[in-house]
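Structural overview for review
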Amino acid sequence: MTLPIVAFAGSPLDRADHIRADPAALAGLMDWRARLLKLDGLMPVIGDLGELGWGTLADAAEDAELVFLGLIDGKGCFAAVPDEGAAGPAYANPAIWQAMQLLAPGDLATYGVARALVDWHARHRFCARCGKATRLSKGGWQRDCSPRSEGGCEAQHFPRTDPVTIMLVEHSGRLLLGRQPRFPPKAFSALAGFVEPGETIEEAVAREVFEEAGVRVRNVEYVATQPWPFPSQLMIGCYSVAEDDALTIDTTELEEARWFSREDILSAMAAGRDGAMKDELIPFAPPPPVAIAHHLLKWWLAKG
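Residues numbered from 1 in each chain as written. Predicted model: local features only at pLDDT ≥ 70, side-chain atom pairs only at ≥ 80, totals over all residues. Heavy atoms only, no water.

**Comments concerning the overall build of the chain**
When you go through the chain residue by residue, the secondary structure sums to 7 helices and 15 strands. Considered along the principal axes of its C-alpha atoms, the chain spans approximately 60 × 45 × 30 Å. Sorting the 304 residues of the chain into buried and exposed places 48% on the buried side. In the chain, once contacts between residues fewer than 6 apart in sequence are set aside, the share between residues at least 24 apart is 63%. In the structure as shown, the chain presents an accessible area of about 15,100 Å², 52% of it carried by carbon and sulfur atoms. (Helix = DSSP H or I, 4+ residues; strand = E, 2+ residues; numbered from the N terminus. Buried < 20%, exposed > 50% of the residue type's maximum accessible area, 1.4 Å probe, protein only. Contact = heavy atoms within 4.5 Å. Areas by Shrake-Rupley, 256 points an atom, 1.4 Å probe, with all protein chains shown as cover.)

Following this line, the structure appears as structure tokens:
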């Protein structure tokens, strides 16, 4: 069973890599037909019908750094780099969650590309190697350090994506789910953690589950991925089997972790996040549909 297209995937953008490295072709797209994604800082501007707001390049500040997102219907699509990058975690801003509910899948995916990219630019205006100012290059898919003649080192910097494993852990027909202190009441989700240097995905799954819950796992399987632009992660959905069900919880990472039966998960998913929070008989509130963890639970239920 494959997962449906998850939130932030399936953008209609043609990324047009061949145009990024062609200054003449890029300049040719920056005419009256070009579209500028409207952003309020890093937030999308949403129209009355729940669609992404677009303007023209004339709407950008004269000194704005413009990032080339790609082509939609043959028109160049751009976004302006804001003055500042993300100042805090996405979950602290309720407006972000509202926007994710309002936007259609294609618009949400396009916004995700733009947000991750312009946020990276806003936070990388200086070279990590020598500290000199960097400048946008290749339509915004690269930043270059200042020339040596200006005291720079000419290092090239590229937008990064951080891999994160998010995994279901099964033992005797039950799933291990955890909650962090920042989660709403009753909310549980799959365990997750960043892949560290020198690790395979399978090793990261095993390490994170053991570190957070004290459980050893085997038979790690890849299920699906989701881009998550807060700030720029790739969630790698996996499934694994626990060798035993004894828990030793790292309380610096998790507030609680528990095993849930198939019946628990069926009732929670049927009620939905809001319904489960209001019903005392339902043992936990599942992740929202925008999260890959929600789809991993549906995948697990469907596979039997």
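Once you've had a look at it, read on.
**Regarding unusual backbone geometry**
A cis amide bond links Phe230 to the next residue, Pro231, at an omega of 5°. Tracing the sequence through the fold places Pro231 in the loop between strand 13 (217-228) and strand 14 (233-242). The backbone of Lys138 sits at a positive phi, close to 50°, despite the residue not being glycine. One can find Lys138 in the loop between strand 7 (134-137) and strand 8 (142-145).

**Looking at the sheet that holds strand 8**
Strand order in the open sheet formed by 3 strands is 7-8-9, with antiparallel pairing between adjacent strands. Of all the strands in the sheet, just strand 7 and strand 9 (156-157) have a single pairing partner and so form its edges. Bridging between strand 8 and strand 9 involves 2 bridges; their strand directions are antiparallel. Considered in strand 9, the bridge of Asp144 is made with Gln156. Strand contacts of helix 4 (residues 105-122): strand 7, strand 8 and strand 9, with the helix running at about 10° to strand 8, the strand carrying the most contacts. (Pairing = 2+ DSSP bridges. Axes fitted to C-alpha atoms, helices over the stretch in contact; angles between N-to-C directions.)

**Remarks on the pattern of salt bridges**
Scanning all chains against the criterion turns up 13 salt bridges. Residues Glu65 and Arg143 are paired through a salt bridge, measuring 3.1 Å at the closest nitrogen-oxygen approach. Residue Glu65 is located in the loop between strand 4 (54-55) and strand 5 (66-72), and its partner Arg143 is located in strand 8; the two are separated by 78 residues in the primary sequence. Of the two residues, Glu65 and Arg143, both sit in the buried class. Two residues, Arg123 and Asp119, come together in a salt bridge whose shortest N-O distance is 3.1 Å. (Salt bridge = Lys/Arg side-chain N within 4 Å of Asp/Glu carboxyl O.)

**Digging into the nonpolar core**
Formed by 56 residues in total, the largest nonpolar core has its most connected members in Phe8, Leu69, Met100, Leu168, Ile265 and Trp300. Those residues in contact with Met100, other than ones at most four positions away along the chain, are Phe8, Leu108, Trp228, Phe230 and Val290. Core analysis: the next-biggest nonpolar cluster, separate from the first, contains 15 residues, Met167, Leu176, Val209 and Cys238 among them. (Core = buried A, V, L, I, M, F, W, Y, C linked by side-chain atoms within 4.5 Å.)

**Let's talk about the sheet that holds strand 1 (residues 35-37)**
Here we have 4 strands laid out as an open sheet, ordered 4-1-6-5, and mixed in their pairing. Either end of the sheet is taken by a strand with one partner, and the two such strands are strand 4 and strand 5. The strands touched by helix 4 are strand 1, strand 4, strand 5 and strand 6 (75-80); relative to strand 5, the strand with the most contacts, the crossing angle is about 160°.

**Here's the deal with a negative patch on the surface**
Judged by side-chain charge, Glu62, Asp63, Asp83 and Glu84 come together as a negatively charged surface patch. Along the chain, Asp63 turns up in the loop between strand 4 and strand 5. (Patch = residues over 30% accessible without salt bridge, like charges linked within 9 Å, V, L, I, M, F, W, Y side chains within 5 Å. Lys, Arg positive; Asp, Glu negative; His and termini not counted. Charge placed at Lys NZ, Arg CZ, Asp CG, Glu CD.)

**What to know about the pairing of strand 13**
One ladder, built from 9 bridges, connects strand 13 with strand 14; its direction is antiparallel. Residue pairing across strands places Arg218 opposite Val241, the latter belonging to strand 14.

**Side note on helix 4**
Each α-helix turn comprises 3.6 residues. Residues three or four places apart therefore point the same way. Along its 18 residues, helix 4 runs 26 Å from first to last C-alpha, staying within 8% of the 26 Å computed at 1.5 Å per residue. With respect to burial, helix 4 is a largely interior element, 15 of its 18 residues being buried. (Expected span 1.5 Å × (residues − 1).)

**Points about the side chain of Arg115**
Topologically, Arg115 is positioned in helix 4. In this structure Arg115 is buried but unpaired, with Asp119 as the nearest side chain of opposite charge at 5.5 Å. Reaching out from Arg115, the side chain makes a polar contact with the backbone oxygen of Leu42 at a distance of 3.3 Å. Apart from the residues lying within four places of it in its own chain, the contact partners of Arg115 are Leu42, Ala86, Ile96, Pro229 and Phe230. (Polar contact = N/O pair within 3.5 Å; in protein donor to acceptor, adjacent residues only side chain to side chain.)

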